[in-house]
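What follows is the residue order along each chain.
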Amino acid sequence: KCFKKVDSCFQRKFGTSTAATKTDAPNKKYTIDSKDGNKSFYTVQEEKIEQAERSVLISCPAKTNEKKFLNYLSRHGDINKCFFYESYGTYAVVEFSNKESLVSLHEGTAIPSINHEATVPFKSRLLSLRNTGPVDMSNGQSAPQCQPQTTIHINDLIQRLSKENSIDQQISSLTETYQLTEENVCLRFLVCSLLKDIAAAYFPECTIRPFGSSVNGFGKLGCDLDMFLDLDGISGRNLKRPKAGLSLEYQTKRSASERACTQSILSVIGECVDQFGPGCVGVQKILQARCPLVRFAHQPSGFQCDLTANNRVAMKSSELLYLYGGLDRRVRCLVFSVRCWARAHSITSSIPGAWISNFSLTVMVLFFLQRRTIPILPTLDHLKELAGPLDKSVIEGNDCTFVSDVTKIQLQDNTETLEQLLQEFFEFYSTFAFNRMSINIRKGREQNKPEVSPLHIQNPFEPALNVSKNVNGTQLERFVALCRESAWMLQQREFNVPHSGSGTGNNAPWGLAALLMPSVSQVAGVKGRKKRKREPASERIKGLLESLKNREVKS
Ligand code: GTP
Ligand code: MG
């Protein structure tokens, strides 16, 4: 039942039918086959960008009468979609059917005049609904129903999972709870579109695209919004000059390098965001980073934003992850579970440091799925072999070509359950030869390490780079130790069968929920950590076993 639910969410999000997955058609070779599932990553992106361009974001009084609100706005044109959410107040995302409606809306919208303060008269699509007249917008009604934009606390998740009946259901439930909603994705595209209006002051033909977990299928509610200022679409950029005869070209400012050019563009756009961008606060220009960026918080959406430019390889990585995530429903489920497990044990962190990143973890899961006896995922080299002429892509000398038409991909008959895969994932990395081997999803097998970093994961599109270069030995050791502990826990019957009273209120953590329980090592703090190196894991397991025993006695 639960699987079906996840499947339908998945279908909604990805337009991909999972009806042809192994569960329904065992022992048969199959290809992904659906009407909408063939939409490429870029087709989906273009559709959402276009929808966002027809949308506005409106701050509303808490008790806005939804019907009156929509009636009032529809004088500017038909409304396609509207939803409300809470973030430092109530907001509405309103998508009109036609872009022309925005012209009418702008004409009827006032620039505020505020006593003792002055305003920048920038006509953005972030608006406020005012009610100064006799119209009663509340009409005695309660607040509009708000769509959640953040996820539940880990303790609530543990409780929720403990009520499920199998580990497979727990994994599906976690995915369903954490994944981005359709509304949240719309909001992400809208924030990019609002920023584009600012960047358009200099580059009217630019696009700001989300990338990373906002679009790669592995985003969790509350994840950051990675954005990319795309100037490639500016007409004339790739225009070929005639071999003979007259032609015109633009006079342009020149920089010493592509990087210097990116830095100056981001510096200016960052300044505009800071000075003129409504709702954008805490703007930091981090221009000396390997990938220069402008970081800020977008208060109305609650998103932490990273704006980059000239970052086409990252866009390709997002497309690749999206493709892998759509091939088999087990991919996303496993990635969500492993990422959640890693976060619960501080293997990953939102602060940059020597930790394993979510991106690295995702690549590790993909690699593991390529390494099954019957591989669940094809190698990147195979996806390259399947590519058509239009898929050809070379970015800064790196070949980033791979197939975009998923119907060309033949998957193999692997019938492993999510529970088996989770267990095997922990076992696989408990014994992986990290000291000698590099993880390589292009080849789908481990390669000799080309350098001494503790963890080596070859960047799929820039083979000379290690995506986990930042990870130190201690962090890798912690990861391996937790993999061992988790693999062991999943082998114990006490941990991996639901309590007979599941769903009756007596829900001591078991299965995946038990794996997410904080380990004693974190509670013990840094001071005691060295001495108690081996103790915490057993202490934690002891505590969990105790709670499971009590549960048996009570029932
Ligand atoms: P979250 O933790 O949910 O934000 O996951 P994320 O996938 O969005 O990761 P992050 O915000 O750190 O990075 C955004 C994107 O940049 C990733 O999805 C990758 O495409 C790319 N990226 C991040 N780190 C690296 C790296 O070390 N090397 C390369 N090549 N790309 C990276
Ligand atoms: Mg991100």
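Model, not experiment: these values are computed from the prediction.

### Points about the sheet that holds strand β3 (residues 79–86)
Here is step 1 of the chain: Strand order across the open sheet formed by four strands is β3-β4-β2-β5, with mixed pairing between neighbours. Either end of the sheet is taken by a strand with one partner, and the two such strands are β3 and β5 (126–128). Ignoring strand direction, the axes of neighbouring strands in this sheet form an average angle of 25 degrees.
Here is step 2 of the chain: With three bridges joining them, strand β2 (residues 55–60) and β5 adopt parallel strand pairing. Residue pairing for β5: Leu57 is matched across the bridge by Leu126.
Here is step 3 of the chain: Sheet strands touched by helix α4 (residues 100–107): β2, β4 (90–96) and β5. Its angle to β4, the strand with the most contacts, is close to 130 degrees.

### Re the pairing of strand β8 (residues 280–286)
Here is step 1 of the chain: Bridge analysis of β8 against strand β9 (residues 293–298) gives five bridges, and the strand direction is antiparallel. By the bridge assignment, Ile286 is partnered in β9 with Leu293.
Here is step 2 of the chain: Where β8 hands over to β9, the hairpin turn is made up of six residues, counted between the paired strands.

### Quick notes on the nonpolar core
Here is step 1 of the chain: Within the largest apolar cluster, 77 residues are counted, with the highest numbers of intra-cluster contacts made by Trp341, Tyr429, Phe434, Phe479 and Leu516.
Here is step 2 of the chain: A total of ten residues in this core trace back to one element, the largest contributor, which is helix α10 (residues 329–344).
Here is step 3 of the chain: What Tyr429 contacts, discounting residues up to four positions off in sequence, is Met364, Phe367, Phe368, Phe434, Ile439, Phe479, Val480 and Cys483.

### Let's talk about the pattern of salt bridges
Here is step 1 of the chain: For the structure shown, the criterion picks out 20 salt bridges.
Here is step 2 of the chain: For Asp197, the salt bridge identified is with Arg125, shortest N-O distance 3.0 Å. Note that Asp197 is positioned in helix α7 (residues 182–199) and Arg125 in the loop between α4 and β5, a separation of 72 residues in sequence.
Here is step 3 of the chain: Here Glu416 makes a salt bridge to Arg372, at a shortest N to O gap of 2.7 Å.

Analysis parameters
Residues numbered from 1 in each chain as written. Chains lettered and ligands numbered in written order. Predicted model: local features only at pLDDT ≥ 70, side-chain atom pairs only at ≥ 80, totals over all residues. Heavy atoms only, no water. Pairing = 2+ DSSP bridges. Helix = DSSP H or I, 4+ residues; strand = E, 2+ residues; numbered from the N terminus. Axes fitted to C-alpha atoms, helices over the stretch in contact; angles between N-to-C directions. Contact = heavy atoms within 4.5 Å. Core = buried A, V, L, I, M, F, W, Y, C linked by side-chain atoms within 4.5 Å. Buried < 20%, exposed > 50% of the residue type's maximum accessible area, 1.4 Å probe, protein only. Salt bridge = Lys/Arg side-chain N within 4 Å of Asp/Glu carboxyl O.

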